[in-house]
Amino acid sequence: MGKLIFVVGAAGAGKTSVARALVSRRPAAFLDMDTLLRPAAEAIMTMAGLDPMDRDSPLYKARCRDLGYRITMDAALENVALGLDAVVIGPFTRETSEADWLDAELARIGAPREAVRVIVVTLPDTASYEARIRQRGLTLDDWKLEHWETFKTTLAERQIRWPLPPSAILRYDNAGPLDEQALERLERFVWGG
């Protein structure tokens, strides 16, 4: 059984960058929910006559959100069951707030909680998130920026409610450089040694 490594956090925190750097040090399945869902989300939104680049509105969430998590988790669980480590990237906002969500997912393949590591990627304040989101210049972020006062409420620090020991959850402030020291710390957290 492989490890199931969640890299979670709000938009702009740098989840994908952290996960990419981690996987570059030790190979694992790299499962970014945005990448996996994008073709389906664009088709669903277009067929509904909505903006295919929208990833944040209530209409998007009602039509696509749960599908994205299901696709991502199905792929992750399949890899873990095959003995491969899987790095899963996404906000997981609702999922991390539901204490029984993780156990229900693990039960699908009979994986123990000990197989799970969670890296919560954060930035120090909402101004840092806004700057990162503006800097990356993605069309997918237009809604966030146009509705910043509403969107920034999603940036509040969250608690992981899954029944994991504190040693399985790492809060990683991504404001500084993702240098060798930071990567060694993340690698030790996930794989030990």
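In case you missed it, the structure is sitting above this.
For clarity, every value in this text was computed on a predicted model and none was experimentally measured.

Rules used in this analysis
- Throughout, a residue's number is its position along its own chain's written sequence, starting from 1.
- In keeping with the predicted nature of the model, local features appear solely for residues at pLDDT of at least 70, side-chain atom pairs appear and are counted solely at 80 or more, and the whole-chain, interface and lining totals rest on all residues.
- With hydrogens and water excluded, all non-hydrogen atoms of the structure serve as input to the side-chain values.
- When a residue's accessible area, from a 1.4 Å probe over protein chains only, is under 20% of the maximum for its type it is buried; when over 50% it is exposed; and in between it is partly exposed.
- Each helix is a run of H or I in the DSSP string that is no shorter than four residues. Each strand is a run of E no shorter than two, and both are numbered from the N terminus.
- For two strands to count as paired, DSSP must find a minimum of two bridges between them.
- The contact criterion used throughout is that any non-hydrogen atoms of two residues lie within 4.5 Å.
- Any Lys or Arg side-chain nitrogen found within 4 Å of a carboxyl oxygen on Asp or Glu counts as a salt bridge.
- Points on a 1 Å grid over protein atoms alone make up a cavity when a 1.4 Å probe fits among them but cannot get out, and a pocket when they form an open set with protein on both sides within 12 Å along at least five of seven lines; lining residues each have an atom within 4 Å of a point.
- Grid points are joined across faces, edges and corners, and a volume is the space filled by probe spheres set on the points.
- Three classes are used, and their members are as follows: Ala, Val, Leu, Ile, Met, Phe, Trp, Tyr, Cys and Pro are nonpolar, Asp, Glu, Lys and Arg are charged, and the others, Gly among them, are polar.
- Where helices are involved, their axes are fitted lines through C-alpha atoms of the stretch in contact, as for all axes, and angles between N-to-C directions lie from 0 to 180°.

Draft legend 1. Seen up close, the pairing of strand β3 (residues 86–90). The element β3 is extensively covered by neighbouring structure, given that five of its five residues are classed as buried. The alternating pattern of β3 places Ala86, Val88 and Gly90 on one face and Val87 and Ile89 on the opposite face, and all of these are buried. Note: strand β1 (residues 4–8) against β3, five bridges, orientation parallel. Paired with isoleucine 5 across the two strands is valine 87, which belongs to β3.

Draft legend 2. Quick look at the side chain of arginine 65. Inspection of the secondary structure puts arginine 65 in helix α3 (residues 58–81). Residue class for arginine 65 comes out buried when judged on its relative accessible area of 14%. Filtering out sequence-adjacent residues up to four positions away, arginine 65 remains in contact with Tyr60, Thr93, Arg94 and Glu95.

Draft legend 3. Representation of the environment of lysine 144 in the model. Looking at the element boundaries, lysine 144 is found in helix α7 (residues 142–146). Assessed through its relative accessible area of 6%, lysine 144 is described here as buried. In this structure lysine 144 touches Ala11, Asp56, Ile133, Arg136 and Phe151, once residues within four positions along its chain are discounted.

Draft legend 4. Region of the structure containing the pattern of salt bridges. Enumeration according to the criterion identifies 13 salt bridges in this entry. Among the ionic pairs, aspartate 66 bridges to arginine 65, the shortest N-O distance being 3.3 Å. Residue glutamate 105 is joined to arginine 70 by a salt bridge in which the shortest nitrogen-to-oxygen separation is 2.7 Å. Here glutamate 105 is found in helix α5 (residues 101–107), whereas its partner arginine 70 is found in helix α3, with 35 residues between them in sequence. Residue glutamate 105 is classed as buried on the basis of its relative accessible area, which comes to 6%.

Draft legend 5. Spotlight on empty space enclosed by the protein. By the definition in use, this model includes one cavity of 30 Å³ or more. Within this model, the largest cavity holds a volume of roughly 50 Å³. Around the largest cavity, the lining residues are Met33, Asp34, Leu37, Arg38, Arg55, Tyr60 and Leu140. The element contributing the most residues to the lining of the largest cavity is helix α2 (residues 33–47), with four residues. For the lining of the largest cavity, the residue count by class is four nonpolar, no polar and three charged.

Draft legend 6. A look at the sheet that holds strand β5 (residues 169–173). Taken in spatial order, the five strands of this open sheet run β2-β3-β1-β4-β5, and their pairing is parallel. Both outer strands of the open sheet, β2 (29–32) and β5, are each paired with one neighbouring strand and no more. This sheet shows a mean twist of 20 degrees between the axes of neighbouring strands, independent of strand direction. Of the strand pairs in this sheet, β1 and strand β4 (residues 116–122) are connected by five bridges, and their pairing is parallel. The partner of leucine 4 across the bridge, within β4, is valine 116. The sheet contacts of helix α9 (residues 180–191) involve β1, β4 and β5, and relative to β5 the element is tilted by about 165 degrees.

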